[in-house]
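Secondary and tertiary structure notes
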Amino acid sequence: MTGPQPRVRFAPSPTGYFHVGSARTSLFNWLFARQQGGTFILRIEDTDAERSRPEWVSGILSAMAWLGMEPDEGPFFQSARADRHREAIDALWNGGFLYACDCTREAVIERTRNNAVPGYDGFCRDRGLERGPGRALRFRVPDEGTTVVHDLVRGDVEFPNASMEDFVCAKSNGQPLFVFANVVDDRDSAITHVIRGEDLLPSTPKGILLWHALDSVADGGIRALPRFAHLPMLVNERRQKLSKRRDPVALELYRDAGYLAVAMRNYLALLGWSPPGDQEKVDVEVLISTFRLEDVHHAPAFFDVQKLRHLNGEYIRELSLDAFVEASLPWVAPDQGAPSIAAPQAAIAPRETTSSGPTPPPGAAAPTAWRPPTDPPWPRERFDPAAFRRIAPAVQERVTTLGEVPAMIDFLFLVDPIIDPVSWEKVVADPNARSVLSAAAERYAACEWVAAVLHDETRALGDQLGLKLNKAQAPIRVAITGRGVGPPLFESLEVLGRDVTLQRIRQALDRLSSSSGTL
Ligand code: GLU
């Protein structure tokens, strides 16, 4: 490596659920830092007091901890840096880069309605207004020239300066605007690479102009301009930009549904980048060693939930039995299994380069322990870890998310199974159901209680009635588990035990005998 050790940052605004696109941005920063032996910094851009909320900050921290993307520095809070931002505003003002503007939004709209170039028209540029309350501070964008963003993903992107308005750096109430605070903080943190979503590309030339202006007034010293990498946007199956309202974009949804962090992280890495070779399921070490910003695609990346599900199923099946049982605990025994997600082990104390830099406000949003949004349907005390463990290998083969585990095993722990009406209708309509259940009750009362014997007995009763095994099994499965699908029947019966099995078969027979046979 030549040059300084890379310093990258993930700089989310805590104004909503943690978006999968933000998670992808965070991951690409993290992968790059890990690969290059660099530093990954988390900066919470919470200067918009009206839209930022502590619970969104907690969401970011716990999601990052879940995905194993611990920052090396931070979290730093932009809101704690107001003094520093004011100081930088003063430096730019004194250097003549800013001018005061007292135009109201309405006045600007009225004046510029028919202008060819949209945005502010420079009305106050030469009015020589003093700074003061009620006056915004605008950056004097050069009339001539072009600002070029040298982007590692998109190549050189040119922005004629004449097409840029004199943008606001500090609002009339003195509050710095996003692009300004963002640049000051990047400079103070000595950021070398800005890796972020392409929605921010249009604001990048403004940031570059500001960067050079801050250099020329030596605010915080001279800083090398970072390299930029703007990541492609995420789209849904209709190629529409993912929308908060329409698409499942909150990372929390996936954790709550029982996606494994390792699968989610692997999948996020594929959004705009592909590992070498044709393998998409790759270990994090391979992601780290092969990731290249230069190989990130321009084209929008399809966020394909089916592909994610598939990958998750693969990761689930690959777990050891112990790991599967443990990973399922939050869903099946939430009191034992909710992992407490500790605060990221961040070096809160800033390094030398940021020693005058951001510090988190005291007591800032600690991530909360996470647990799935719904509890299992059985009374807690009826959960039997040993029974779960016995059935777990069969369940592991059949689920694609951990959230599907409770419905596979609830028949073991409920007093009465939840009868699925559609499955029961099939039993009612099955002319052999009654004979099958009666024969099963007889045979199961006496046979040895192991899956292989139960299998043979059921096959024999099928033969007796002229039915294939799967036909014979169907009403028994519904009687026992309440559903037409689930883990293999004979293993299920073995774990459930003879007494409960016989009792449920009798209940199903009673139900069938009741006048309508309906539930
Ligand atoms: N806070 C900005 C956002 O969440 C991102 C800033 C950046 O990465 O530069 O959109």
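Everything here concerns the structure above.
Attention in this report is confined to the structure presented alongside it. Predicted, not measured: the structure shown is a model, and the values here were computed from it.

In this section: the pattern of salt bridges. What the rule picks out here adds up to 35 salt bridges. One salt bridge connects aspartate 335 with arginine 380, and the closest N-O pair in it is separated by 2.7 Å. One end of the pair, aspartate 335, is in helix α12 (residues 334-337); the other, arginine 380, is in the loop between α12 and α13 (385-398), and 45 residues separate them in sequence. Via salt bridges that share partners, Arg9, Arg43, Glu45, Arg81, Arg84, Glu87, Asp185, Asp186, Asp188 and Asp219 belong to a single interconnected network.

Core analysis: the biggest nonpolar cluster contains 112 residues, and Val20, Leu251, Met264, Val332, Phe388, Ile409 and Tyr444 have the highest contact counts within it. In this structure leucine 251 touches Phe18, Val20, Ala23, Ala63, Trp66, Leu67, Met264 and Leu268, once residues within four positions along its chain are discounted. In this structure, Tyr99, Tyr120, Phe180 and Leu210 belong to the second largest nonpolar core, which totals 39 residues.

Our focus in this paragraph is the site of the ligand. For the ligand, the full set of nearby residues is Arg9, Ala11, Pro12, Ser13, Glu45, Phe178, Asn182, Arg196 and Leu200. In the environment of the ligand, a nitrogen atom lies 2.8 Å from a nitrogen or oxygen atom belonging to the side chain of serine 13. Between a nitrogen atom of the ligand and a side-chain N or O atom of glutamate 45, the distance comes to 2.7 Å. Against a free-state accessible area of 290 Å², the protein chains account for coverage of 80% of the ligand. Looking at the shell around the ligand residue by residue, the class counts come to four nonpolar, two polar and three charged.

What follows is about helix α2 (residues 54-66). Turn by turn, an α-helix covers 3.6 residues, leaving residues three or four places apart pointing in a common direction. The end-to-end C-alpha distance of α2, which contains 13 residues, comes to 18 Å, matching closely the 18 Å that a straight helix rising 1.5 Å per residue would cover. Among the 13 residues of α2, 11 are classified as buried, and the element is accordingly described as predominantly covered. Buried within α2 we find Trp56, Val57, Ser58, Gly59, Ile60, Leu61, Ser62, Ala63, Met64, Ala65 and Trp66. Looking at the buried residues of α2, the elements they touch are β1 (7-10), α1 (20-36), β2 (39-44), β3 (73-77), α7 (251-257) and α8 (261-269). Just downstream of α2 lies glycine 68, where phi reads positive at about 75°.

Scanning all chains against the criterion turns up 15 aromatic pairs. For the ring pair phenylalanine 97 and phenylalanine 139, a centre distance of 6.2 Å and an interplane angle of 10° mean the geometry is stacked. Taken together, the residues span a long stretch of sequence, with phenylalanine 97 in the loop between α3 (82-94) and β4 (98-101) and phenylalanine 139 in strand β5 (residues 136-139) at a distance of 42 residues. Judged by relative accessible area, which is 24%, phenylalanine 97 ranks as partly exposed. Classification of phenylalanine 139 by relative accessible area gives buried; the value is 2%. Ring pairs connect the aromatic residues Tyr254, Tyr259, Tyr267 and Phe303, which therefore count as one cluster. Sitting above the plane of the tryptophan 211 ring, arginine 187 keeps its charged end 5.2 Å from the centroid.

Analysis parameters
- Every chain begins its residue count from 1, and numbering advances along the sequence as written.
- A pLDDT threshold of at least 70 governs which residues receive local features in this predicted model, and a stricter bar of 80 or more applies before side-chain atom pairs are shown or counted, although totals over entire chains, interfaces and linings include all residues.
- Where side-chain values are given, they derive from all heavy atoms of the structure, hydrogens and water being excluded.
- Salt bridge, as applied in this entry: a Lys or Arg side-chain nitrogen positioned within 4 Å of an Asp or Glu carboxyl oxygen.
- Only DSSP runs of H or I reaching four residues or more are called helices, and only runs of E reaching two or more are called strands; each is numbered from the N terminus.
- By nonpolar core is meant a set of buried Ala, Val, Leu, Ile, Met, Phe, Trp, Tyr and Cys residues that side-chain atoms within 4.5 Å join together.
- To sort residues, take the accessible area from a 1.4 Å probe on protein chains only and compare it with the maximum for the residue type: under 20% means buried, over 50% means exposed, and anything in between is partly exposed.
- Throughout, a contact is declared for two residues whenever any of their heavy atoms are within 4.5 Å.
- The criterion for a residue being near a molecule or strand is simple. One of its heavy atoms has to lie within 4 Å of it.
- Polar contacts, as used here, are pairs of N or O atoms within 3.5 Å; protein pairs need one atom able to donate a hydrogen and one able to accept it. Residues neighboring in sequence count only if both atoms are side-chain atoms.
- Here the accessible surface of atoms and residues is derived via Shrake-Rupley with a 1.4 Å probe, and residues count as covered only by protein chains that are part of the display.
- For this scheme, ten residues count as nonpolar: Ala, Val, Leu, Ile, Met, Phe, Trp, Tyr, Cys and Pro. Four count as charged, namely Asp, Glu, Lys and Arg, and the remainder, Gly too, count as polar.
- The span you would expect from a helix comes to 1.5 Å times its residue count less one.
- Ring pairs are drawn from Phe, Tyr and Trp, using the six-membered ring of Trp, whenever the two centres fall within 6.5 Å, and their geometry is named by plane angle: stacked under 30 degrees, edge-to-face over 60, tilted for the rest.
- Only when the NZ of Lys or the CZ of Arg is both within 6 Å of the ring centre and within 35 degrees of the ring normal is a charge said to sit over the ring.

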